[in-house]
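Structural characterization, general
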Amino acid sequence: MQTLKEIKEQLELTKTENLPQILSLFKEDERKNVQALIARYEKKYADYLSELARMKQMFFYERMQEGAQYICGIDEVGRGPFAGPVVAAAVILPKDCDILYLNDSKKLSEKKREELNLEIREKAVAYAIGIVSPERIDEINILQATYEAMRQAVNRLSVTPDVLLNDAVTIPQVAIRQVPIIKGDAKSASIAAASIIAKVYRDHLMEDYDKIYPGYDFASNKGYGSSKHIAALKEIGPCPIHRKSFIHNFV
């Protein structure tokens, strides 16, 4: 008879989709600690099935694009901060995409975003990032800067999309067919993937800026108007990455 440690090691090495076969081997084991372990892994498998069902729904809009080979999700991050650029990402996922847990980046933990960011970059057909500086935001306003970042991302893709799935907006000056989806980062896998890529990229950028311009707590607030950030603005004034059009009430 296998020990609890041996059973646990066997379950840990088993792919989630193969758990039922392994769990069935220990159904008759009457040891309470073994049954507790089985119950834990049965829940893990049930959660896995639930996630498969959720992800099937997340590809609803992708399935609707009949005849389209390359379906590109687009999203941005950084419209509201006082400092830093606005960043957009464009992501084309494969038709047989097997990435689980894609969701609006704001609904994911930092650890999960980092994990998914690497998986998306590895498995995507193509992805690209667009960045528009604080100076440009001040020059043309944040909405136009957001559109500009999105156009950059689309134009930098290694393949040309057949259709764009956008989070709520229609991007001007883009000839490709567009499908705006309200709260698309929580409804479309492609937009969710773009949301994650954009957020992780910008978060890392703001963490780097925190080392260059200490005192504003950029590593924590990512440029948003936290109380510590506002206090620093009032005490030491703006730095080169602040958006002048956003901070005039504080300096």
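Every value quoted in this text rests on a predicted model; they were computed, and no experiment measured them.

1. A few points about the overall build of the protein chain
Helix and strand content of the protein chain: 11 helices and 5 strands. Put simply, the protein chain has 251 residues, and 49% of those count as buried. Contacts in the protein chain between residues at least 24 apart in sequence constitute 65% of all its contacts with a sequence separation of at least 6. On the protein chain, roughly 13,100 Å² of surface is accessible, and the fraction owed to carbon and sulfur atoms is 52%. In the protein chain, the 35 positive side-chain charges and the 35 negative ones have mean positions that sit 3 Å from each other.

2. A short note on the side chain of His 242
Summarising the element assignment, His 242 is placed in the loop between helix 10 (227-236) and helix 11 (244-247). What makes His 242 buried here is its relative accessible area of 2%. In this structure the side chain of His 242 is engaged in a polar contact, spanning 2.8 Å, whose partner is the side chain of His 229. Discounting residues that sit within four places of it in the chain, His 242 has contacts with Phe 82, Ala 83, Pro 134, Asp 138, Tyr 216, Phe 218, His 229, Leu 233 and Ile 247.

3. Here's the deal with the packing of helix 1 (residues 4-12) against helix 3 (residues 32-58)
Packing of helix 1 against helix 3 brings their axes to within 10 Å, and their N-to-C directions diverge by 10°. On the basis of their axis angle, the class for helix 1 and helix 3 is roughly parallel. Residues Leu 4, Ile 7, Lys 8, Leu 11 and Glu 12 of helix 1 touch helix 3, and the partners they reach there are Asn 33, Val 34, Leu 37, Arg 40 and Tyr 41. A breakdown of the residues in the contact of helix 1 with helix 3 according to their chemical character gives 6 nonpolar, 1 polar and 3 charged.

4. Examining the nonpolar core
Judged by nonpolar contacts, the single largest core of 26 residues is most densely connected at Val 91, Leu 93, Leu 102 and Ile 120. Secondary-structure elements contributing two or more residues to this core are helix 3, strand 2 (86-92), helix 5 (110-123) and helix 8 (189-212). Leave out the neighbours within four places in its chain, and Ile 120 touches Val 91, Ile 99, Leu 102, Ala 193, Ile 196 and Ile 197. One finds Ala 90, Ile 92, Ala 126 and Val 132 within the second-largest nonpolar core, a separate group that totals 24 residues.

5. Here's the deal with the pairing of strand 1 (residues 71-77)
Within strand 1, 7 of the 7 residues are buried, which leaves it mostly tucked inside the rest of the structure. Side-chain alternation along strand 1 places Ile 71, Gly 73, Asp 75 and Val 77 on one buried face and Cys 72, Ile 74 and Glu 76 on a second face that is also buried. Of the strand pairs in this sheet, strand 1 and strand 4 (residues 163-167) are connected by 4 bridges, and their pairing is parallel. Within strand 4, the residue paired with Ile 71 across the bridge is Val 163. Here strand 1 runs beside strand 2; their pairing, made up of 6 bridges, is antiparallel.

6. What about unusual backbone geometry?
Only a minority of non-glycine residues have a phi that is not negative, and only a minority of peptide bonds are not trans. Despite not being glycine, Ala 168 has its phi angle at roughly 80°, a positive value. Within the fold, Ala 168 resides in the loop between strand 4 and strand 5 (177-181). Look at Ala 168 and you get partly exposed, because its relative accessible area is 39%. Even without a glycine there, the phi angle at Asp 217 is positive, about 65°. Relative to the elements of secondary structure, Asp 217 occurs in the loop between helix 8 and helix 9 (218-221).

Reading the values: rules and limits
Residues numbered from 1 in each chain as written. Predicted model: local features only at pLDDT ≥ 70, side-chain atom pairs only at ≥ 80, totals over all residues. Heavy atoms only, no water. Helix = DSSP H or I, 4+ residues; strand = E, 2+ residues; numbered from the N terminus. Buried < 20%, exposed > 50% of the residue type's maximum accessible area, 1.4 Å probe, protein only. Contact = heavy atoms within 4.5 Å. Areas by Shrake-Rupley, 256 points an atom, 1.4 Å probe, with all protein chains shown as cover. Lys, Arg positive; Asp, Glu negative; His and termini not counted. Charge placed at Lys NZ, Arg CZ, Asp CG, Glu CD. Polar contact = N/O pair within 3.5 Å; in protein donor to acceptor, adjacent residues only side chain to side chain. Axes fitted to C-alpha atoms, helices over the stretch in contact; angles between N-to-C directions. Parallel < 35°, antiparallel > 145°, perpendicular 65-115°, else oblique. Nonpolar A, V, L, I, M, F, W, Y, C, P; charged D, E, K, R; others polar. Core = buried A, V, L, I, M, F, W, Y, C linked by side-chain atoms within 4.5 Å. Pairing = 2+ DSSP bridges.

Honestly, it's all geometry; don't read function into it.
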